[in-house]
Amino acid sequence: MPETFNQELEDRLVRYAAIDSQSDEDSPSSPSTAVQFDMLNLLEAELMEIGAQDVTLTEYGAILATIPGTVEGPTIGFLAHVDTAPQFNASGVKPRVIKGYNGGEITYPDDPALVLSPAEFPYLAEKIGHDLITASGLTLLGADDKAGVAIIMTAARHLLTTPGLKHGPIRIAFTPDEEIGRGVDAQLPKDLGADFAYTFDGGKVGEIEYETFSADAAEVSITGVSIHPGFAKGKMVNAIHLAAKIIEMMPQATKTPEVTDGREGFWHATEMSGGSSEMKLKFILRDFELDGLAATGRMLEQVCAAVQATEPRAKISCSIRPQYRNMRYWLENDMTPVELARKACGTLGLDPVSVPIRGGTDGSRLTEMGVPCPNLFTGMQNIHGPLEWISVQDMAVATDLCLAIAEAGAKG
């Protein structure tokens, strides 16, 4: 590619990451938080400024735009999400750029005890000489997925302002609430209008992902019997104790995130709230296969029933709802977008790698809803925590890939 995008990508990510846009799974609104509009409104203005067409902020909180094709070809969608994960503090992000990384340990100005070490994270050791972006130690960075936003915006600006580039029609979408599993509204597939699409929401350079977890969310409600503790003998039923029993009876040595990897599924307790009278537990359930996911759900239901049987005076309910499904179930029947991305990697001298994602993307839901949508790398690492970082040069390779896919699509 003739143009170097490093400075533009650095400027965009630093600007975007400083904006609080954390989502909230307990909010019923769409987007789930008003702060996400700070990103959405900014991107709407920036898309208009660079000359994108049909720029629209939908009623469900997604930004859509068109880059008109210069030749015939399939309509390709590029997507990223604007929200940041609710698992860690995302307010007051102070991005910092480490120019020409020297290969040593990275410390943090706002938390001197925090250390990012190449000994612990080998991918970091590969980035000597790169320009790295991190947060200051008290927050996540938000490269997940503002790096994807920066990559798509940089590629879009290049396509719109560089005469003579051959590409088919391109649709851009920036979605809210991906981190809480609500990024793809039922109207989005039709509104996007793409033959197939890609999310830029992945990690290491070269990764083209077309297999994700299938995911369910579970909520357990426990109602005990409340009475003054001084007169509680034979009468009180402590909901906290029952909640603890449920957690204890679930398999922790073999089936939680911290002891599983590869293609192993898990259950994960994400929230416990309440008091001695009432408790609420929240879980996420994950597996690459639907029968494994269903088995984990049945296990939770059986544990709840067993604890209920020990204390009939309590009331314990367990509800499970689908979140997303493994995109492989659909993509393996038509690998066109995957093969196109692999072909584009080849033109850049990259060796594409496809590994299963131990998570999900907006592409999981889009693929299930009829728009094939594998996931592509951005370079982001250690997401959802204070050690999150990304290489500007990795982002530039992802930008080149975005442009190469647009070009390869035009060639059929």
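Our subject is the structure that appears above.
Residues numbered from 1 in each chain as written. Predicted model: local features only at pLDDT ≥ 70, side-chain atom pairs only at ≥ 80, totals over all residues. Heavy atoms only, no water.

Visitor: Would you mind going over the sheet that holds strand β16 (residues 389–391) with me for this structure?
Guide: Strands in a sheet are paired, the pairing made by backbone hydrogen bonds, and the direction either parallel or antiparallel. An order of β4-β7-β16 is seen for the 3 strands of this open sheet, with the pairing classed as antiparallel. Bordering the open sheet on either side are β4 (96–98) and β16, each of which pairs with just one other strand. Neighbour-to-neighbour, the strand axes of this sheet turn through a mean angle of 25 degrees, independent of strand direction. With 3 bridges joining them, strand β7 (residues 132–134) and β16 adopt antiparallel strand pairing. (Pairing = 2+ DSSP bridges. Helix = DSSP H or I, 4+ residues; strand = E, 2+ residues; numbered from the N terminus. Axes fitted to C-alpha atoms, helices over the stretch in contact; angles between N-to-C directions.)

Visitor: So what exactly am I meant to see when it comes to the side chain of D287 here?
Guide: Structurally, D287 is set in strand β13 (residues 278–287). For D287, the side chain forms a polar contact with the main-chain nitrogen of E289, separated by 2.9 Å. Once residues lying within four places of it in the same chain are set aside, the contact partners of D287 are F213, S214, K255, G265, G292 and L293. (Polar contact = N/O pair within 3.5 Å; in protein donor to acceptor, adjacent residues only side chain to side chain. Contact = heavy atoms within 4.5 Å.)

Visitor: Please clarify how the packing of aromatic side chains should be interpreted in this entry.
Guide: Two descriptors summarise a pair of aromatic rings, namely the distance from one centre to the other and the angle between the planes of the rings. If you walk through the whole model with that rule in mind, you get 8 aromatic pairs. Seen in terms of ring centroids, F213 and F288 are 4.4 Å apart; in terms of plane orientation they differ by 35 degrees. Their pairing is tilted. Taken as a pair, F213 in the loop between β10 (208–209) and β11 (214–223) and F288 in the loop between β13 and α7 (290–310) lie far apart in primary sequence, 75 residues in all. Look at F213 and you get buried, because its relative accessible area is 0%. A connected cluster of aromatic rings, assembled from ring pairs, spans F78, F196, Y198 and F200. Sitting over the face of the ring of Y108, R96 holds its NZ or CZ atom 4.8 Å from the ring centroid. The aromatic ring of F288 is capped on one face by R263, whose charged end is 5.9 Å from the ring centroid. (Phe/Tyr/Trp six-rings, centres within 6.5 Å; stacked < 30°, edge-to-face > 60°. Buried < 20%, exposed > 50% of the residue type's maximum accessible area, 1.4 Å probe, protein only. Lys NZ or Arg CZ within 6 Å of the ring centre and 35° of its normal.)

Visitor: Please explain unusual backbone geometry as it appears in this structure.
Guide: Leaving glycine aside, a negative phi is the common case for residues, and trans is the common case for peptide bonds. In this structure, P31 follows S30 across a cis peptide bond, with omega equal to -5 degrees. The residue after D144, namely D145, is reached through a cis peptide bond having omega 5 degrees. Summarising the element assignment, D145 is placed in helix α4 (residues 143–161). The backbone of H384 shows a phi angle near 70 degrees, a positive value even though the residue is not glycine. Turning to its location among the elements, H384 is positioned in the loop between β15 (375–377) and β16.

The quantities given are spatial measurements derived from coordinates; they are silent on function.
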